[in-house]
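One-letter residues, chain by chain:
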Amino acid sequence: MSSRLHNSQFFGLCNTVQLGTCRPRCQKHRILSLQSTKISVFTSDKLSSLLLGIYSTIPRTLETTTVPSNLCKTSSLTNEKKLGKVKIGPCKARMGFSSKPTSELSVDKEMDIAGNEEMNRDRSQYDAIVIGSGIGGLVAATQLAVKGARVLVLEKYVIPGGSSGYYQKDGYTFDVGSSVMFGFSDKGNLNLITQALAAVGCEMEVIPDPTTVHFHLPNNLSVQVHREYGDFITELTDKFPHEKEAILKFYGECWKIFNALNSLELKSLEEPIYLFGQFFQKPLECLTLAYYLPQNAGDIARKYIRDPELLSFIDAECFIVSTVNALQTPMINASMVLCERHFGGINYPVGGVGGIAKSLANGLVNQGSKIVYKANVTSIILEHGKAAGVRLSDGREFLAKTIISNATRWDTFGKLLEGENLPKDEESFQKVYVKAPSFLSIHMGVKAEVLPPDTDCHHFVLEDDWARLEDSYGSIFLSIPTVLDSSLAPEGRHILHIFTTSSIEDWEGLPRKEYEAKKDRVADEIIGRLEKLFPGLRSSIDFMEVGSPKTHRRFLARDNGTYGPMPRRTPKGLLGMPFNTTSIDGLYCVGDSCFPGQGVIAVAFSGVMCAHRVAADIGLERRSPLLDAALLRLLSWLRTLA
């Protein structure tokens, strides 16, 4: 089977999109039956679908209808392996998907898909414009909207989500990025996705995952990370009985950090009134976090663990968190993930990961703010050195008091501010961090019988050589979300989403024929490795598409397709990671190139922090200009120590 990926069929593209809405919290709780109707959401000339592949028209201007909010209905999910469904939040915002071919978006008839009208040449003043609708950008936007800000989100693509988007093809609903959802539980303070949805009156139905990840490692080392912490520790100490005490001490330190974080109300670390308030309420917890801020997981592990293979396992644990080894992974980041997976657990949203972004976007609209799709921001407008607006590729301009960029810092300062001198803080950032590599992604549909009945949802494969952990194509991430939610695939089929690190340099300059042949060859090699786990996998393939780093760059608008920053050398924990404010007045950054870094829970944290800082700056939260200036100078100085 050819693995040729038509870029138009990748990353968030689908034949139809059914978008539900979240009811405002003041509405009476109810679920309306889903009665979808097709509306033309684009006015366009009849052009080839070469660019987008799924539409017979190329969108130019969004048409919208202003309508009351309502709820989408989803079909119930039956699956023998699931632990049960968990409903999170004060209202239902479930999503349905359709695989019927059409050139129009199919939406709930009461849904305002763009959340706005008469957007052409709109130069009215917004409190904030958010560039991009990844999870970080949407969390920042919704948090601000709830506080009363007038927010405009501009999304280059046709649906929200970025790396947390989805696409549909041949009856399959594929997650674009990771299917491992942290921060999606119903308890604690680190369930940031749950909190973000609840803030705009949304709830999603989720399925608990009994195993976070199943490691398949050199020397036939197989470790399942069970949802229950005690079960995981029992399995790991059974593999390394001579390191039992060391294992308990290392993960015990992780829990110390996690518990400190989980006890705090998480807001902007750049806002001194909040920061001092938290310190006076929880001094021990704040001092604990300050102590671990400049430390890395690998150094802590080596305080206790001596077995080289166990240390390599800790490297693999951290690689999933940060795409670098434990010595380069900040201890705070590692602790958030290594403990949240047991505290709140991994919970998969019914209908797919793309529903998170869609629910947040709908919640944003219901708060009175706006989101515009096919809005390609090409530059940030500066007036007297202050960020004052943005300009789109079609010439439209939008003005705002503040600009929040959900693009990477390389895209923000290298492209959206092209021609401007790089601020000193950004120079310092780029001296400490480089762009992490991208990924090669393989989305497959396979016959269900090829997978054993007890197959876990998530796998990490590094079967031969520990030294290949960080090499391109060395480690394989595999997600099989249909193990939890069978509705994502046609009956009798499973989805396999495979991804492995890959640099864009491996794919540049190739003629089209060679490029497609290379995708086929690399995909075939990876499938061959997975056949050791699932014999007959290759012959069971029903559908396959492959995306290279160039695909990620094109559809996610990320410089070189990068998935975030990576330290040039061993970092001092999170000390060098920039926060949300920038050296340009009125310009903020959010997402994985801001504190605390990569991962869904991390970018959601970044969005919460950004919204709080922006809200203070535009007068929606308390602030002290004198204390602000002093704290920002202190934080800037601390980053120079990294």
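Owing to the predicted nature of the structure, the values given are computational and were not obtained by experimental measurement.

## Notes on helix 10 (residues 354-366)
Owing to its 3.6 residues per turn, the α-helix aligns residues three or four sequence positions apart on the same side.
Line of reasoning, step 1. Here helix 10 contains 13 residues, and its C-alpha end-to-end distance of 19 Å stays within 8% of the 18 Å for a straight helix at 1.5 Å per residue.
Line of reasoning, step 2. With 12 of its 13 residues buried, helix 10 lies for the most part within the structure.
Line of reasoning, step 3. Among the residues of helix 10, G354, G355, I356, A357, K358, S359, L360, A361, N362, G363, L364 and V365 are the ones counted as buried.
Line of reasoning, step 4. Positive backbone phi, at 95 degrees, marks G368, one or two positions downstream of helix 10.

## Regarding the environment of G528
Line of reasoning, step 1. Relative to the assigned elements, G528 resides in helix 13 (residues 512-530).
Line of reasoning, step 2. We classify G528 as partly exposed; its relative accessible area is 25%.
Line of reasoning, step 3. Separated by 10 residues in the primary sequence, G528 and R538 have C-alpha atoms spaced 7.5 Å apart.

## Overview of the packing of helix 1 (residues 135-146) against helix 2 (residues 192-199)
Line of reasoning, step 1. Close contact between helix 1 and helix 2 brings their axes to 9 Å; oriented N to C, the two are set at 40 degrees. In this view, helix 1 runs oblique relative to helix 2, as classed from their interaxial angle. By crossing handedness, the relation of helix 1 to helix 2 is classed as left-handed. When helix 1 is examined against helix 2, the residues I135, V139, Q143 and V146 are found in contact with a partner set consisting of I193, A196 and A199.
Line of reasoning, step 2. Of the residues belonging to the contact of helix 1 with helix 2, the class tally is six nonpolar, one polar and no charged.

## Concerning the environment of S486
Line of reasoning, step 1. Tracing the backbone through its elements, the reader meets S486 in the loop between strand 21 (476-479) and strand 22 (493-502).
Line of reasoning, step 2. By relative accessible area, S486 is classed as partly exposed at 33%.
Line of reasoning, step 3. Taking C-alpha positions, S486 is 9.2 Å from G351, a pair spaced 135 residues apart along the chain.

## Focus: the sheet that holds strand 11 (residues 211-217)
Line of reasoning, step 1. Strand order in the open sheet formed by seven strands is 12-11-20-21-22-19-23, and the pairing between neighbours is mixed. Across the chains shown, the open sheet's two edge strands, defined by having one partner strand only, are strand 12 (221-226) and strand 23 (541-547). Pairs of neighbouring strands in the sheet enclose a mean axial angle of 15 degrees, with direction left out of account.
Line of reasoning, step 2. Pairing between strand 19 (residues 438-447) and strand 23: six bridges, direction antiparallel. Directly across from G445, in strand 23, lies its bridge partner F543.

## Things to note about the confidence of the model for the protein chain
Line of reasoning, step 1. Averaged over the protein chain, the pLDDT score is 84; the fraction of residues at 70 or greater is 81%.
Line of reasoning, step 2. Segment residues 1-84 is flagged for pLDDT under 50; beyond a separation of four residues in sequence, or across chains, it makes 277 contacts in the model.
Line of reasoning, step 3. Counting contacts from residues 88-121, a segment whose pLDDT is below 50, to residues more than four positions away or on other chains yields 153 contacts.

## Side note on the nonpolar core
Line of reasoning, step 1. Formed by 152 residues in total, the largest nonpolar core has its most connected members in F250, Y251, F313, M444 and F460.
Line of reasoning, step 2. Among the elements that line this core, the one with the most residues is helix 15 (residues 600-617), at 11 residues.
Line of reasoning, step 3. Two domains each donate at least three residues to this core, and these are domain 1 (126-185 + 194-201 + 350-432 + 569-641) and domain 2 (206-267 + 275-349 + 435-560).

## Describing the packing of helix 4 (residues 244-262) against helix 8 (residues 308-322)
Line of reasoning, step 1. At a minimum axis distance of 12 Å, the contact between helix 4 and helix 8 shows a crossing angle of 25 degrees. Taken together, the axes of helix 4 and helix 8 are roughly parallel relative to one another. Crossing hand, helix 4 versus helix 8: right-handed. Contact residues: I247, F250 and Y251 in helix 4; L310, F313, I314 and E317 in helix 8.

## Quick word on the pattern of salt bridges
Line of reasoning, step 1. Throughout the structure, instances matching the rule amount to 26 salt bridges.
Line of reasoning, step 2. E397 is paired through a salt bridge with R391; the nearest N and O atoms lie 2.8 Å apart.
Line of reasoning, step 3. On the basis of relative accessibility, which here comes to 32%, the residue R391 falls in the partly exposed class.
Line of reasoning, step 4. K519 serves as the salt-bridge partner of E516, at 3.5 Å between the closest nitrogen and oxygen. Here K519 and E516 lie together in helix 13, a separation of three residues that amounts to about one turn. No difference in accessibility class separates E516 from K519, as the two residues are buried.
Line of reasoning, step 5. Taken together, the shared-partner salt bridges connect D411, K415, K435 and D559 into one network.

## A short note on the pairing of strand 21
Line of reasoning, step 1. By the alternation rule, side chains of strand 21 split into I476 and L478 and F477 and S479, which are all buried.
Line of reasoning, step 2. Summarising the sheet, strand 20 (residues 458-461) and strand 21 pair through four bridges and their orientation is antiparallel. The residue bridging H459 from the neighbouring strand is L478, located in strand 21.
Line of reasoning, step 3. Pairing geometry for strand 21 and strand 22, over three bridges, is antiparallel. Directly across from S479, in strand 22, lies its bridge partner H497.

## Some points on a nonpolar patch on the surface
Line of reasoning, step 1. A contiguous nonpolar surface patch, about 510 Å² in accessible area, is contributed by F276, F279, F280, L287 and L627.
Line of reasoning, step 2. In terms of residue count, helix 5 (residues 272-281) provides more of the nonpolar patch than any other element does, three residues in total.
Line of reasoning, step 3. On the secondary structure map, F280 appears in helix 5.

## Some words on a negative patch on the surface
Line of reasoning, step 1. Where like charges cluster on the molecular surface, the negative patch consists of D464, D465, E470 and D471.
Line of reasoning, step 2. Mapped onto the elements, D464 comes out in the loop between strand 20 and strand 21.
Line of reasoning, step 3. Using a relative accessible area of 53% as the deciding quantity, one classes D464 as exposed.

## What about the packing of aromatic side chains?
Line of reasoning, step 1. Scanning the entire structure with this criterion turns up 26 aromatic pairs.
Line of reasoning, step 2. Ring centres of F250 and Y251 lie 5.0 Å apart, and the angle between their planes is 75 degrees; this geometry places the pair in the edge-to-face category. By the burial criterion, F250 is buried, and Y251 matches it.
Line of reasoning, step 3. For the pair F595 and F605, a centre-to-centre distance of 6.4 Å together with 70 degrees between the ring planes defines the contact as edge-to-face. With a gap of 10 residues between them, F595 in the loop between strand 25 (587-589) and helix 15 and F605 in helix 15 connect regions that are remote in the sequence.
Line of reasoning, step 4. Taken together, F215, F313, F319, F439, F460, F477, F499 and Y563 form an aromatic cluster joined through their ring pairs.

Criteria and cut-off values
- Residues numbered from 1 in each chain as written.
- Predicted model: local features only at pLDDT ≥ 70, side-chain atom pairs only at ≥ 80, totals over all residues.
- Heavy atoms only, no water.
- Helix = DSSP H or I, 4+ residues; strand = E, 2+ residues; numbered from the N terminus.
- Expected span 1.5 Å × (residues − 1).
- Buried < 20%, exposed > 50% of the residue type's maximum accessible area, 1.4 Å probe, protein only.
- Axes fitted to C-alpha atoms, helices over the stretch in contact; angles between N-to-C directions.
- Parallel < 35°, antiparallel > 145°, perpendicular 65-115°, else oblique.
- Left-handed = near helix turned anticlockwise from the far one by under 90°.
- Contact = heavy atoms within 4.5 Å.
- Nonpolar A, V, L, I, M, F, W, Y, C, P; charged D, E, K, R; others polar.
- Pairing = 2+ DSSP bridges.
- pLDDT = per-residue confidence, 0-100.
- Core = buried A, V, L, I, M, F, W, Y, C linked by side-chain atoms within 4.5 Å.
- Domains from an automatic or database assignment.
- Salt bridge = Lys/Arg side-chain N within 4 Å of Asp/Glu carboxyl O.
- Patch = residues over 30% accessible without salt bridge, like charges linked within 9 Å, V, L, I, M, F, W, Y side chains within 5 Å.
- Areas by Shrake-Rupley, 256 points an atom, 1.4 Å probe, with all protein chains shown as cover.
- Lys, Arg positive; Asp, Glu negative; His and termini not counted.
- Charge placed at Lys NZ, Arg CZ, Asp CG, Glu CD.
- Phe/Tyr/Trp six-rings, centres within 6.5 Å; stacked < 30°, edge-to-face > 60°.

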